[in-house]
Amino acid sequence: MPMPLQLRYARRPRRAEPRPTVELMPSISVHDIRNAIPRNYNRLNEVEGGCKYPSLRSLRFSFNHMEIEDYSGRIQSFTIKWARTYFGPHRPIFLCSCGRGAIRLYAKYGSYKCRRCHNAVYTSQRQSAKGRKRFKACKLRLNKLGGLPSIDEPIASKAKWKHRKRYERLRNQVRALEAVAKTKRSQDIATKVFTYHLP
Ligand SMILES: [Zn+2]
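Please read these numbers as outputs of a predicted model, since none were measured by experiment. (Residues numbered from 1 in each chain as written. Predicted model: local features only at pLDDT ≥ 70, side-chain atom pairs only at ≥ 80, totals over all residues.)

**Observations regarding the domain arrangement of the protein chain**
- In terms of domains, the protein chain is made up of domain 1 (22–113) and domain 2 (127–197).
- Relative placement of domain 1 and domain 2: their C-alpha centres are 33 Å apart. (Domains from an automatic or database assignment.)

**Section: the sheet that holds strand β2 (residues 45–48)**
- A sheet is described by the order of its strands in space; here six strands give the open sequence β2-β3-β4-β5-β6-β7, paired in antiparallel fashion. The sheet is open, and its two edges are formed by β2 and β7 (101–102), each paired on a single side.
- Relative to β7, strand β6 (residues 91–95) is paired through two bridges, and the arrangement is antiparallel. By the bridge assignment for β7, F94 is matched with A102. (Pairing = 2+ DSSP bridges. Helix = DSSP H or I, 4+ residues; strand = E, 2+ residues; numbered from the N terminus.)

**Looking at the environment of F94**
- Its place among the elements puts F94 in strand β6.
- Using a count of 22 C-beta atoms within 10 Å as the deciding quantity, one classes F94 as buried.
- Sequence separation between F94 and L105 is eleven residues, and the spatial gap between their C-alpha atoms is 7.7 Å.
- Every residue in contact with F94, bar those within four places of it in the chain, is listed here: V30, F78, I80, G101, A102 and L105. (Buried ≥ 20, exposed ≤ 12 C-beta atoms within 10 Å, placed from the backbone. Contact = placed C-beta atoms within 7 Å.)

**Thoughts on the nonpolar core**
- Core analysis: the biggest nonpolar cluster contains 16 residues, and I28, L59, M66, I68, L105 and Y112 have the highest contact counts within it.
- Broken down by secondary-structure element, the contributors of at least two residues to this core are β3 (56–62), β4 (65–70) and β8 (104–108).
- When near neighbours in sequence (up to four residues on either side) are disregarded, I28 contacts I33, Y53, R104, L105 and Y112.
- Counting six residues, the second largest nonpolar core, distinct from the first, contains A137, V174, L177 and A181. (Core = buried A, V, L, I, M, F, W, Y, C linked by C-beta atoms within 7 Å.)

**A look at unusual backbone geometry**
- Residues other than glycine seldom take positive phi values, yet Y109 does so here, at roughly 50°.
- Summarising the element assignment, Y109 is placed in the loop between β8 and β9 (111–113).
- With 5 C-beta atoms packed within 10 Å, Y109 lands in the exposed category.
- With a phi angle near 60°, N119 is a residue other than glycine that sits in the positive phi range.

**What to know about the pairing of β4**
- Pairing of β3 with β4, which is carried by six bridges, proceeds in the antiparallel orientation. Within β4, the position partnered with L56 by the bridge is D70.
- Of the pairings in the sheet, the one linking β4 to strand β5 (residues 75–83) comprises five bridges and is antiparallel in character. Of the residues in β5, the one forming a bridge with I68 is Q76.

**Overview of helix α4 (residues 164–181)**
- In this model α4 runs 25 Å from its N-terminal to its C-terminal C-alpha over 18 residues, within 8% of the 26 Å that 1.5 Å per residue would give.
- For α4, every residue scored as buried is listed here: V174, L177 and A181. Along the axis of α4, the buried positions cluster into a sector of 65°, meaning they face one direction only. Facing away from the buried side of α4 by more than 90 degrees, the exposed set consists of R164, K165, E168, R169, N172, R175, A176, A179 and V180. (Expected span 1.5 Å × (residues − 1). Arc of directions from axis to C-beta.)

**As for the sheet that holds strand β1 (residues 27–29)**
- With respect to topology, three strands assemble into an open sheet ordered β1-β8-β9, the strand pairing being antiparallel. The open sheet is flanked by β1 and β9, the only strands paired with a single partner. Each adjacent strand pair in this sheet contributes to an overall mean axis angle of 20°, direction not counted.
- One ladder, built from three bridges, connects β1 with β8; its direction is antiparallel. What sits directly across from I28, in β8, is L105. (Axes fitted to C-alpha atoms, helices over the stretch in contact; angles between N-to-C directions.)

Pasting the structure below:
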């Protein structure tokens, strides 16, 4: 569907800089650090930023608190909330300074906040309907079929240990998406975007 006229000629807010892309920002996911959080009140745990968080010197955890320190010595702290899941152990969630819960905290100019505080958008929010189909096909190619995330490459052949029916279903899904998405001029999607979507 082409862009409606009201939208095309609408007055848009003039931004000093474009909205950042979620997938391209450095981030801390609660899933990655879950095991570093001590499970009782009187313990503290410290881990180095290492290669996982190259801009951070250290991350310190207590039962309901996370403190991160970068190489300039700036310290930012976040509350960790334990949410009930009703089917197992409680699950940790970061609390952003805005009061929202967040699974991931994103960095912009060294400040870690939730996605909404940074006013960040997902790659798919920038794409047209066709572009989103292409993006989905690329993700399936990479994550499910084990090939390269490019529409110009042949679809990866079935690995020996994979089920034929499942493989064929996925392959047909990719073909159907790409049949709609194929356009003459299509830009490649940044590889970094895909690393965010890896399982
Ligand atoms: Zn926030």
